[in-house]
Amino acid sequence: MVHKAKAVALLTLILTFALAAEDAEDWIGAFRSVDYEEGEEALPEEKIYYFWQLENLRKAVPPRFIRFVDTFSALKTGKLLNRGVLFSYEGLANDEVSVCGEFSHWQCISLQKNDKGIFYGVVDIHGDQLYEAKPAYEYKFKVDGIFTHDPENPDTVEDGEGSQVSRIAFREGGPNKQTSTRVLEDSPYEEKEFRTVEFRIYQPQAESVSLIGDFNHWDPESDFLIKERNGTFRVVKKLKPGEYQYNFLVDGKIVVDTYNPLTVLREDTGEISSALVVPTRTGVLERKKIDP
């Protein structure tokens, strides 16, 4: 536990100096003018921010996808790198603001208020299994007990009760971009002591992607992914049940699995890696016939 705390502190110090040259209050300007393009990231994938930077928001912004380092809860949750949609509301004169939407089954999630009067919160709307089945999520803010739409989000629709409800929409076919590693439950290549794991990452601009992890001794030459026409790279591996750490090597650059929310801090290198838990098979293995 002591080593882990030291590693988190060291990484925090390194990243702090990396961003020190930038004005913390101007970080929001790093986003493109199109804040949330129907499910596409408004940030380059390498952009990672600190949770404390949200305390420097000077104005509310439309909902947007962000990745951020949360050192405050990392030791408790084991997750240093987090992701989700940033919701914000300008309410200097308000006491309580929460966001309520289909992504939380309309359960309201309280937002924090900074000293500039901006309420903010980051919600992982992709964790719900309904995500790939829904073209859009509707939501409202609850401001001091009164429901209202998001004044910063131009995408609103009638709620059937004479008022507006805000919406986060996803372009048709967009969920293909949110691919991530998965354990296949119905693979014809299943073996008794192994599970079939498909590693996937959406990198349409990349020329080469390889998989590195503790299962292949972090060897960048062991497992190359095959690029498909839609920009997704894939590779299938057989792994025994257990816990693993891995990264992708994209055109020579080490990156985490973009849409895998599980991340860990490697104590040997101090780098952030994606985490994978391969569960033990619960059912009886059925041998399937493979077509020639």
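What follows covers the state of the cysteines. A full pass over the atoms with the stated rule returns one disulfide. For Cys100, the disulfide goes to Cys108, at an S-S distance of 2.1 Å. Its S-S torsion of approximately 100° makes the covalent link between Cys100 and Cys108 right-handed. Judged by its relative accessible area of 0%, Cys100 is buried.

Attention now goes to the nonpolar core. Ranked by internal contacts, the top residues of the largest apolar core, which has 19 residues, are Phe199, Val209, Leu211, Leu225, Leu239, Phe248 and Leu276. If you list the elements that add at least two residues to this core, you get β13 (195-202), β14 (209-213), β17 (232-239), β18 (242-250) and β21 (272-278). Those residues in contact with Leu211, other than ones at most four positions away along the chain, are Phe199, Asn216, Asp219, Asp223, Leu225, Val235, Lys237, Tyr246, Asn247 and Phe248. Core analysis: the second largest hydrophobic core is formed by 15 residues, Tyr89, Val123, Tyr137 and Val143 among them.

Bringing the sheet that holds strand β2 (residues 64-69) into the picture now. Through backbone hydrogen bonds, the strands of a sheet pair up, either in parallel or in antiparallel fashion. Judged by pairing direction, the sheet is mixed, and its five strands sit side by side in the order β1-β2-β3-β7-β6 without closing on themselves. Sheet topology places β1 (49-50) and β6 (112-113) at the edges, where each strand pairs with a single neighbour.

Turning next to unusual backbone geometry. With a phi angle near 55°, His105 is a residue other than glycine that sits in the positive phi range. According to the relative accessible area criterion, His105 is exposed, its value standing at 53%.

Another point: the confidence of the model for the protein chain. Counting all residues, the mean pLDDT for the protein chain is 75, and 68% of those residues have values of 70 or more. The low-confidence segment residues 13-46, where pLDDT is below 50, has 65 contacts with residues more than four positions distant or belonging to other chains. Under a pLDDT of 50 for its full length, residues 288-292 has, in the predicted model, five contacts with residues more than four places off or in other chains.

What counts, and at which threshold
Residues numbered from 1 in each chain as written. Predicted model: local features only at pLDDT ≥ 70, side-chain atom pairs only at ≥ 80, totals over all residues. Heavy atoms only, no water. Disulfide = S-S within 2.5 Å. Buried < 20%, exposed > 50% of the residue type's maximum accessible area, 1.4 Å probe, protein only. Core = buried A, V, L, I, M, F, W, Y, C linked by side-chain atoms within 4.5 Å. Helix = DSSP H or I, 4+ residues; strand = E, 2+ residues; numbered from the N terminus. Contact = heavy atoms within 4.5 Å. Pairing = 2+ DSSP bridges. pLDDT = per-residue confidence, 0-100.

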